Amino acid sequence: MSYIRIEGVYKIFGPRAKQVLEEVRRGAGKEEVFQKTRHVVGLKDVNLEIQRGELFVIMGLSGSGKSTLLRVVNRLIEPTAGRVYVGETEVTALKRRDLLRFRQETFGMVFQHFALLPHRTVLQNVAFPLELKGVTRKEREERARVWLERVGLAGYEQNYPVQLSGGQKQRVGLARALCADPPVLLMDEAFSALDPLIRREMQDELLRLQGELKKTILFVTHDLDEALRIGDRIAIMKDGEVVQVGTPEEILARPANAYVAAFVEGVNPAMVYRVEGLMREAVTVTLGREGLRAALRKMGQAGVASAYVVDRNRRFLGVVRAEVLAEALKKGDGQDLTPYLEPLPTLRPDQTLEEALPFFSETPLPLPVVDGEGRLLGIVTRGRLLAALAGRYTPEVPQSGVDSGS
């Protein structure tokens with residue numbers, strides 16, 4: 001079951017929102033509504049499901065409704081119609097006092113312009129959410145120090161925001177959001193005010209922390225490259241509507257309409273597609289069970305010049321070449337493959353093609369793809385990688401399997 005559910009949400013800005021809502025439901029568009037009523041359609045029938053632990057990106061151009069949607073989730077903006085659930089709680093049904101308590105316990109927010117308290121130290125800023133919850137000074141400062149260290153700001157505890165760079169301020173904002181250990185992070189254009197180099201560093205930092213913490217993150221951005229780089233899934237918005245939801249690979253390979261296609265037209269596929277989409281089956285030999293003759297026979301049957309050696313648990317050990325094994329048999333060498341194993345760099349299935357490309361400079365052989373335990377999943381050939389980079393081959397893109405969208 002999805003952790004965050006957004007069901008049929010509308011937001012109309014203006015004094016007669018309920019009345020105008022009916023026109024929107026009958027099909028009136030954003031521009032038509034504005035010209036006719038001077039009301040603004042912020043959100044139109046938004047339906048989304050976000051999984052627990054997912055880094056979900058909401059992206060679109062200015063005025064698309066992305067920041068409005070983020071604020072509806074924690075009811076900083078009240079929807080005109082529709083429901084929002086976080087876990088089993090219907091956020092849109094909470095009374096004011098219960099809503100305030102739920103926000104404190106559930107959401108951490110990171111803003112574009114940092115929103116740090118200028119007259120408080122870095123340590124006091126990070127500890128502030130815990131102060132609001134009534135945590136003792138000793139405990140909240142201890143926890144704040146831990147988070148400052150985790151975001152790389154140990155030693156800056158007594159500095160003030162004015163003494164920090166933009167990247168450092170945003171790290172403070174991230175530490176503050178995480179200090180109270182909320183299950184959900186809401187990040188609104190969090191890195192947009194940063195220089196490109198610092199912005200990429202903060203994206204890396206977010207991905208590193210998310211790998212450890214597995215928070216549920218809603219991240220708003222207008223930058224497609226940023227969305228494709230960090231998002232597990234992306235919702236693309238236009239005029240208050242969600243026009244497509246999918247993984248970065250799905251959106252690049254199968255844009256839902258001309259608007260999305262135009263968005264992704266200039267995207268470098270090497271930054272989006274993953275190694276797993278290029279994998280094919282490897283010819284494998286199990287060390288201790290199969291020897292030189294078995295390895296040569298398998299290579300001959302498959303018409304390849306190398307085989308990938310694994311142990312009994314399918315962990316990758318190295319590669320053997322047909323020409324080397326054939327020469328060894330001529331010399332009457334034994335059947336043990338160990339002396340003929342050659343090491344190869346390994347790839348991860350979640351690596352982008354851009355990250356994988358440098359490894360192919362080390363060898364002409366197809367490279368093995370292994371999981372976190374070192375088990376062989378398949379191989380990727382140099383030819384298939386280069387074809388994908390040149391746009392002559394589209395990697396396989398599995399459906400995300402989550403039924404969500406408008």
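Residues numbered from 1 in each chain as written. Predicted model: local features only at pLDDT ≥ 70, side-chain atom pairs only at ≥ 80, totals over all residues. Heavy atoms only, no water.

Under an unreviewed UniProt entry, the chain has the name Glycine betaine/L-proline ABC transporter ATP-binding protein and belongs to Thermus composti.

Moving on, we get to the nonpolar core. Met187, Phe219 and Tyr308 are the most contacted members of the largest nonpolar core, which has 72 residues in total. Ranked by residue count, the leading element in this core is helix H7 (residues 166-179), at six residues. Ile6, Val91, Leu99 and Val184 belong to the second largest nonpolar core, which has 31 residues in total. (Core = buried A, V, L, I, M, F, W, Y, C linked by side-chain atoms within 4.5 Å. Buried < 20%, exposed > 50% of the residue type's maximum accessible area, 1.4 Å probe, protein only. Helix = DSSP H or I, 4+ residues; strand = E, 2+ residues; numbered from the N terminus.)

Turning to the sheet that holds strand S13 (residues 316-321), a few remarks are in order. Overall, mixed pairing links the three strands, which are arranged S11-S12-S13 in an open sheet. Each edge of the open sheet is held by one strand with a lone partner, namely strand S11 (284-286) and S13. Adjacent strand axes in the sheet meet at a mean angle of 35 degrees when their direction is disregarded. Pairing geometry for S11 and strand S12 (residues 306-310), over three bridges, is parallel. Within S12, the position partnered with Thr284 by the bridge is Tyr308. Most of the contacts of helix H12 (residues 292-302) go to S11, to which it runs at about 165 degrees, and overall it touches S11, S12 and S13. (Pairing = 2+ DSSP bridges. Axes fitted to C-alpha atoms, helices over the stretch in contact; angles between N-to-C directions. Contact = heavy atoms within 4.5 Å.)

Our next topic: the packing of aromatic side chains. One pass over the full model with this rule turns up four aromatic pairs. Ring centres of Phe191 and Phe219 lie 5.5 Å apart, and the angle between their planes is 55 degrees; on these two criteria the pair is classed as tilted. With Phe191 in the loop between strand S7 (184-188) and helix H8 (196-213) and Phe219 in strand S8 (residues 216-221), this residue pair connects regions lying 28 residues apart in the sequence. Ring centres 5.3 Å apart and planes at 80 degrees place the aromatic pair Tyr259 and Phe263 in the edge-to-face group. Remark: Phe263 and Tyr259 occur in helix H11 (residues 258-264); sequence separation between them is four residues, near one turn of the helix. Residue Phe263 is classed as buried on the basis of its relative accessible area, which comes to 18%. The ring of Tyr85 carries Arg5 above its face, with NZ or CZ at 4.3 Å from the centroid. Over the aromatic face of Tyr259 sits the side chain of Lys238, whose NZ or CZ is 5.4 Å from the ring centroid. (Phe/Tyr/Trp six-rings, centres within 6.5 Å; stacked < 30°, edge-to-face > 60°. Lys NZ or Arg CZ within 6 Å of the ring centre and 35° of its normal.)

What follows is about the sheet that holds strand S10 (residues 241-246). Read from one edge to the other, the open sheet built from six strands follows the order S6-S7-S8-S3-S9-S10, with strand pairing classed as mixed. The open sheet has two free edges, formed respectively by strand S6 (107-110) and S10, since each of these has just one partner strand. Neighbouring strand axes in the sheet, compared pairwise and without regard to direction, differ in orientation by 20 degrees on average. Sheet topology places S6 next to S7; four bridges connect them, and they run parallel. Each bridged residue has a counterpart across the sheet, and for Gly108 the counterpart in S7 is Leu185. Strand contacts of H7: S6 and S7, with the helix running at about 175 degrees to S6, the strand carrying the most contacts.

With that out of the way, let us pick up the UniProt feature "domain: CBS" (unreviewed entry) in the chain. According to UniProt, the positions carrying the feature "domain: CBS" (unreviewed entry) are residues 278-335 and 337-396. Counting secondary structure, residues 278-335 comes out at 34% helix and 24% strand; the distance between its end C-alpha atoms is 33 Å. With 20% helix and 15% strand, residues 337-396 has end C-alpha atoms that lie 34 Å from one another. (UniProt positions renumbered as here; feature names shortened; annotations may be inferred.)

Moving on, we get to the pattern of salt bridges. Summed over the entire model, instances satisfying the criterion amount to 26 salt bridges. Between Asp98 and Arg101 there is a salt bridge; the shortest N-O distance is 3.1 Å. Separated by three residues within a single helix, Asp98 and Arg101 lie in helix H4 (residues 96-106), roughly one turn from each other. Looking at Asp98, the relative accessible area reads 35%, which means it is partly exposed. The salt bridge partner of Asp371 is Arg375, with a shortest N-O separation of 3.0 Å. Among the residues examined, Asp371 registers a relative accessible area of 21% and is labelled partly exposed. Put simply, Arg150, Arg171, Glu205, Arg208 and Glu212 are held in one network by salt bridges that share partners. (Salt bridge = Lys/Arg side-chain N within 4 Å of Asp/Glu carboxyl O.)

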